[in-house]
Amino acid sequence: MTPHPPAAGDRSRVLTGDTPTGRLHLGHWVGSIENRLALQEENECYFLLANMHAFTTRSESPEEIRADTIEIVKDWLACGIDPKRSCVVLQTEVPAIAELTWYFAMLLPFNRVMRNPTLKTEIESKGLGDKYSFGFPMYAVGQCADILVFRPAYVPVGEDQVAHIEMCREVARRFDQIYCGVDSHAEDGDYVEAGGVFPIPEAKVGRIARLVGYDGKQKMSKSLGNAIYLSDTPKQVQKKVNKIFTGRQSPTEPGDTFNALFEYVRAFICDADRVSELERKYAAGEDIGDGHIKQEVAGAINELLDPIRERRADYEKPGGDDAVIDVIREGTARANAVAEETLWLAKEAMKLDFFPRKLTEG
Ligand code: ATP
Ligand code: MG
């Protein structure tokens, strides 16, 4: 089998995704979704619902994982992900991902996986202690397969995922060197030309690499109860923004413009002159109260979310879930054509191409 070029014409392939552990929040928007929307204009995009990975921490809650899977697609569609252009892909219906995960697990030393800083941070921040499942660290290996099964050029992610992408790049290099004879001195951009199955994909980190949660401490995260959701009502948004703690006592006290509140000012108030004015007044303690700034921030967030809420409402009507499942079914079918091709190329390289398989007839 001759490898197809990674994408038709000059369109590059792009892969990214979310774990259905809750609805999408503003961190997703600034960290990855804005980039996804821009990239889908010109590229062949695959957006993965990592529902298998949701079981690594919530295996006792299958109903919730299922419900969150549907809700995330509603969020994607509401944000402007276009299912005609891009594939919405359900991880559990792409068997090639699980198979590649096994092969990649053999290429990564156990200690290398356990040293992954993103895993370490997650174990700590999610309070997993030493009781996490065997599958939990395995998800980092699985994510290499999620990505590489589409042989993408780019992976739009937030900063917390960069360590995972680095591991994925290592696996791709190792596979291509061991099984495809690519020279270890080859430039990352030359791996496919040198005969490798896998390109070495690049992370594309969003406008805000790591948006802090409204607790002002940890990264905004679905699992940490510190998120402003894209589907929150205007009132909920205001209430959460009001909770951002600055420690400032009065409107005339000079404030630190690198606090969480100002992170939100810079992230969501579009008028650059207004942002500079707020920064100047706040730093000088020029009679500007936190309450006022919080109102402006919530107003800006609500302006951003209004059209998203409006589009989401269409999928909340009766029949909305069925429409979402159709989108997933179609996207996953298109994705499987690419994933099966990649798996076969990998098997050929690994001398596992005894015969092409057909598991069922008809
Ligand atoms: P969980 O708490 O289950 O890990 P999460 O909120 O971290 O959920 P993920 O599904 O793990 O969300 O992440 C999806 C994508 O969004 C990833 O690319 C991740 O880097 C990005 N992302 C998540 N949170 C943020 C954030 N606070 N700032 C920037 N990017 C983020
Ligand atoms: Mg996460």
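Residues numbered from 1 in each chain as written. Chains lettered and ligands numbered in written order. Predicted model: local features only at pLDDT ≥ 70, side-chain atom pairs only at ≥ 80, totals over all residues. Heavy atoms only, no water.

### Things to note about the overall build of the protein chain
Check the secondary structure of the protein chain and you find 13 helices and five strands. The C-alpha radius of gyration computed for the protein chain amounts to 22 Å, which stays within 12% of the reference 21 Å derived for 362 residues, consistent with globular compactness. By principal-axis analysis of the C-alpha atoms, the protein chain measures approximately 75 × 50 × 45 Å. Buried residues in the protein chain amount to 51% of all 362 residues. Restricting to contacts in the protein chain with at least 6 residues of sequence separation, those with at least 24 account for 74%. Taking the average location of the 44 positive side-chain charges in the protein chain and that of its 57 negative ones, the two points are 3 Å from each other. (Helix = DSSP H or I, 4+ residues; strand = E, 2+ residues; numbered from the N terminus. Rg over C-alpha atoms; globule rule 2.2 N^0.38 Å. Buried < 20%, exposed > 50% of the residue type's maximum accessible area, 1.4 Å probe, protein only. Contact = heavy atoms within 4.5 Å. Lys, Arg positive; Asp, Glu negative; His and termini not counted. Charge placed at Lys NZ, Arg CZ, Asp CG, Glu CD.)

### Concerning the side chain of D18
Within the secondary structure, D18 is located in strand β1 (residues 13-18). Since its relative accessible area comes to 6%, D18 is described here as buried. A polar contact of 2.8 Å, which involves the side chain of D18, links it to the side chain of W76. Setting aside residues no more than four positions away along its own chain, D18 makes contact with L24, H28, R36, L48, L49, A50, I72 and W76. (Polar contact = N/O pair within 3.5 Å; in protein donor to acceptor, adjacent residues only side chain to side chain.)

### Regarding the domain arrangement of the protein chain
Its domain assignment divides the protein chain into domain 1 (13-210 + 318-349) and domain 2 (234-315). Between domain 1 and domain 2, the C-alpha centre-to-centre distance is 33 Å. Each partner contributes to the interface: domain 1 provides 18 residues, whereas domain 2 provides eleven residues. Summed over both partners, the interface of domain 1 with domain 2 buries about 1,200 Å², with 64% contributed by carbon and sulfur atoms. Among the residues of domain 1 in contact with domain 2, L26, K74 and A78 are the three that bury the most area, contributing 41% of the side total. Joining domain 1 to domain 2, the criterion identifies two salt bridges. Among the elements that make up the side of domain 1 that touches domain 2, the one with the highest residue count is helix α3 (residues 62-79) (six residues). Classifying every residue of the side of domain 1 that touches domain 2 by side-chain character gives nine nonpolar, two polar and seven charged. (Domains from an automatic or database assignment. Buried area = accessible area lost by both parts, 1.4 Å probe. Salt bridge = Lys/Arg side-chain N within 4 Å of Asp/Glu carboxyl O. Nonpolar A, V, L, I, M, F, W, Y, C, P; charged D, E, K, R; others polar.)

### What about the confidence of the model for the protein chain?
On average, residues of the protein chain score 94 in pLDDT, and 97% of them are at 70 or above. Within the model, the stretch residues 1-5 combines pLDDT values under 50 with eight contacts to residues more than four positions away or in other chains. (pLDDT = per-residue confidence, 0-100.)

### Quick word on the site of ligand 1
T21, D160, K219, S221 and S223 are the nearest of the 23 residues found near ligand 1. Here an oxygen atom of ligand 1 and a side-chain polar atom of T21 are 2.6 Å apart. Within the contact set of ligand 1, an oxygen atom lies 2.8 Å away from a side-chain nitrogen or oxygen of H25. When isolated, ligand 1 has an accessible area of 600 Å², and the protein chains bury 97% of it. It is helix α1 (residues 26-42) that provides the largest number of residues to the shell around ligand 1, a total of three residues. (Near = heavy atom within 4 Å. Areas by Shrake-Rupley, 256 points an atom, 1.4 Å probe, with all protein chains shown as cover.)

### As for the pattern of salt bridges
In this structure the tally under the stated criterion is 34 salt bridges. In this structure, E44 and R13 form a salt bridge, with 2.8 Å as the shortest nitrogen-oxygen distance. One end of the pair, E44, is in strand β2 (residues 44-49); the other, R13, is in strand β1, and 31 residues separate them in sequence. We classify R13 as buried; its relative accessible area is 6%. A salt bridge links R169 to D188; the shortest N-O distance between them is 3.0 Å. With R169 in helix α8 (residues 162-180) and D188 in the loop between α8 and β5 (202-205), the pair connects residues that are 19 residues apart, well separated along the chain. Owing to a relative accessible area of 15%, R169 belongs among the buried residues under this scheme. A residue is classified by how much of its surface remains accessible, and D188, at 26% relative accessible area, is partly exposed. A cluster of three or more residues bridged by salt bridges with shared partners is formed by R23, E71, K74, D75, R312, E316 and D321.

### Considerations on the packing of helix α10 (residues 260-268) against helix α11 (residues 272-284)
At a minimum axis separation of 10 Å, α10 and α11 run at an interaxial angle of 160°. Considered as vectors, α10 and α11 are oriented roughly antiparallel to each other. For α10 against α11, the interelement crossing comes out left-handed. Along its contact with α10, which presents F262, V265 and R266, the element α11 presents V275, L278, E279 and Y282. Taken together, the residues of the contact of α10 with α11 break down into five nonpolar, no polar and two charged. (Axes fitted to C-alpha atoms, helices over the stretch in contact; angles between N-to-C directions. Parallel < 35°, antiparallel > 145°, perpendicular 65-115°, else oblique. Left-handed = near helix turned anticlockwise from the far one by under 90°.)

### Let's talk about the nonpolar core
Counting 55 residues, the largest nonpolar core has Y264 and I301 as the members making the most contacts within it. Each of domain 1 (13-210 + 318-349) and domain 2 (234-315) contributes no fewer than three residues to this core. L15, L108, V157 and C180 belong to the second largest nonpolar core, which has 48 residues in total. (Core = buried A, V, L, I, M, F, W, Y, C linked by side-chain atoms within 4.5 Å.)

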